[in-house]
Amino acid sequence: MSHLFFLVGNAPYSNRGCEAIVRGTMRILRREFGDDTQAVVASFGSSNEISRQSAQETDCGIKHVRLELPSRFSAGWWLRQFDKALGTGFARNCRVVNRYAAVADATLQIGGDNYTLDYGYPVAFMEIDRLVWAKNKPLVLWGASVGPFDSDPRFREQIAAHLKNFDAILIREGRSEEVLREMGVEEKVSRMPDPAFVMEAIEPDAEKLGFDLPEGSVGINLSPLMAKYTTAGDLHRWAEIGAKIVSAIRRTLDRPIILVPHVTSLDPTKNDGALLRKIAALLPPSERSNVYFVGDNLSAAETKWLISKCALFAGARTHSAIAAISSAVPTLCFAYSAKARGISEAMYGSLNYCIEPEALTPEAVSSAMACLDAEAAVIKSHLQAKLPRLFEECFAAARVLKRVILHGS
C-alpha cells in the first residue's frame, strides 16, 4: 500500500536548506514506508516560486502546493477573518490543509526553526496546526528546533500548551530539549537530527559547476541575514567585513577559496549569491586569484557534493554547515541562532568551532580556521566515527512516526 505524507511549514527550494530537509525526509520515509511513498509539500511562497519549484522537481513522488502569508487587509487576509468569524474554509491555507491533511497518513511540520522567535511569532504555523487537528489526523513536529521564548513569558505559556497537542515532537538538539523540559513539555518528545543530514549528495555536470574543482579548497558561505547581527542591517558594510574575512582566510591558510551560496532568493536582501558576488568584487585584485564563485544553479544535493569536496568549510547558513558536517568536512559555524549552537555542541561537544556575531572579525575567523586546519585530521576522524549513529537516529524517527500512525500518540 502506498503511503502519503503532508509536509508543511517550509520555505521554497530557493533556500537550499529547505530543499535539503525535504530530500532527507523523503529518504527517511521511504526507508521505513517503502519506495513508493509520496508527499505533498506545502510551502510558503509566491505563486511564481511554487510553480517554478513544481516544474523543476526531480522526484516524481512529490507534489508541490502553495501556502500563503497574506499581508494585512489583502484579499487573503479578509478571507482568513471571515473563516475565523464564521467557521468557514475559504482561505487558501484552510483549503489546502483540508484537502491534503485529510488523506495523508500524517502531517509533518518540517520547517526547522519555525517554533522559535528567530523570525517572529510562529502564529501562521500554529494556525496550520489547528487546521490539521480539526481533521483529527496525526501531526508531528519533525526534526525541529524549539524556543527559547523567555523574552515573552505570556507567549511561552501559550506555545507550551499548543505543543502538548502534537502527537510527537522530534527535536534536533539538546538545547531545544532543555527548553521543552523547562516549559513542562516532556511527553512525546524524542531526539532526531536534522533530516538534511541524510540527504544524498549528487555530483553536478561539469558545465553546471563552471570551474575545475581545486584541491584542498576552503568553502565559505556568508549570508545577508548576518548583517542584522553584525552591522545593524547595513548590507554594504557587512559585505566589506565579509571581504576582509575572506582575505584573512586566504592569507592565513594559502588555500583556494570557494564562495558557496545556500539561499538564492529573488530578494537581494536574502540572496547569498548577491552578497558573495559583492564580496568577491571587493577583494583586492592581488587576492582574487584562486577565489571561485558558485552560481545559483546548483540544487541542494549538488551543493552538498561540492561542499563535501572541500578540505574545510565555514558557514553562516545552518544547512550549509550541515551539508559539510554530514560529509565529515571540518566546519566552522557562524552562529546567530540556537540551532547553530546546538548542532555545534552535538557534533563537537563544545562551541570551540562556533563564532558568535559580536566576535565575527577577520582576525577571529582566520584564527579559528587556522586551528580547524591544524586539527582537521582529528576532527574529520571524529565526525566519521560519529556520523553513522547520527544517520541511524534520523532513520529511527520514521519508526516513531509509524507508531503514531498505527497507535496514536
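The coordinates are above.
Residues numbered from 1 in each chain as written. Predicted model: local features only at pLDDT ≥ 70, side-chain atom pairs only at ≥ 80, totals over all residues. Heavy atoms only, no water.

Chemist: How should I be thinking about the pairing of strand 11 (residues 312–315) in this particular structure?
Modeler: The side chains of a regular strand alternate between both faces of the sheet. Burial along strand 11 is two-sided: the face carrying Leu 312 and Ala 314 and the face carrying Phe 313 and Gly 315 are both buried. Two elements, strand 8 (residues 218–221) and strand 11, share four bridges in a ladder whose sense is parallel. Opposite Ile 220, over in strand 11, you have Ala 314 as the bridge partner. Direction of pairing for strand 11 relative to strand 12 (residues 331–334): parallel, over a ladder of three bridges. Opposite Ala 314, over in strand 12, you have Leu 332 as the bridge partner. Remark: the strand 11/helix 13 (residues 318–325)/strand 12 crossover connection has right-handed handedness. (Buried < 20%, exposed > 50% of the residue type's maximum accessible area, 1.4 Å probe, protein only. Helix = DSSP H or I, 4+ residues; strand = E, 2+ residues; numbered from the N terminus. Pairing = 2+ DSSP bridges. Right-handed = clockwise from strand over helix to strand, strands pointing away.)

Chemist: Quick question: what am I supposed to make of helix 15 (residues 362–374) here?
Modeler: Every α-helix winds through 3.6 residues per turn, so residues three or four apart in the chain are directed the same way. Compared with the 18 Å implied by 1.5 Å per residue over 13 residues, the 18 Å span of helix 15 between its first and last C-alpha is a close match. Listing the buried residues of helix 15 in full gives Pro 362, Val 365, Ser 366, Ala 368, Met 369 and Leu 372. Around the axis of helix 15, the buried residues are gathered within 160° of arc, so they sit on the same side. Exposed side of helix 15, more than 90 degrees from the buried face: Glu 363 and Ala 374 are the residues found there. On its buried face, helix 15 sits against strand 8, helix 10 (235–253), strand 11, strand 12, strand 13 (354–355) and helix 16 (376–407). (Expected span 1.5 Å × (residues − 1). Arc of directions from axis to C-beta. Contact = heavy atoms within 4.5 Å.)

Chemist: Is there a simple way to explain the layout of surface pockets in this structure?
Modeler: Sizing a probe to match a water molecule and rolling it over the atoms shows the empty space that remains. One number sums up the size of the largest pocket: a volume of about 1,200 Å³. The set of elements that each furnish at least two residues to the lining of the largest pocket consists of strand 1 (4–10), helix 1 (16–33), helix 5 (123–134) and helix 13. Each residue belonging to the lining of the largest pocket can be placed in one class, and the counts come to 15 nonpolar, 17 polar and six charged. Its boundaries defined by the atoms lining it, the second largest pocket holds a volume of some 800 Å³. When contributions to the lining of the second largest pocket are tallied by element, the ones reaching two or more residues are helix 1, helix 2 (47–56) and helix 12 (300–308). Looking at the lining of the second largest pocket residue by residue, the classes come out as 11 nonpolar, eight polar and 13 charged. (1 Å grid on protein atoms, 1.4 Å probe; cavity = no way out; pocket = protein on both sides within 12 Å on 5 of 7 lines; lining within 4 Å. Points joined across faces, edges and corners; volume = space filled by probe spheres on them. Nonpolar A, V, L, I, M, F, W, Y, C, P; charged D, E, K, R; others polar.)

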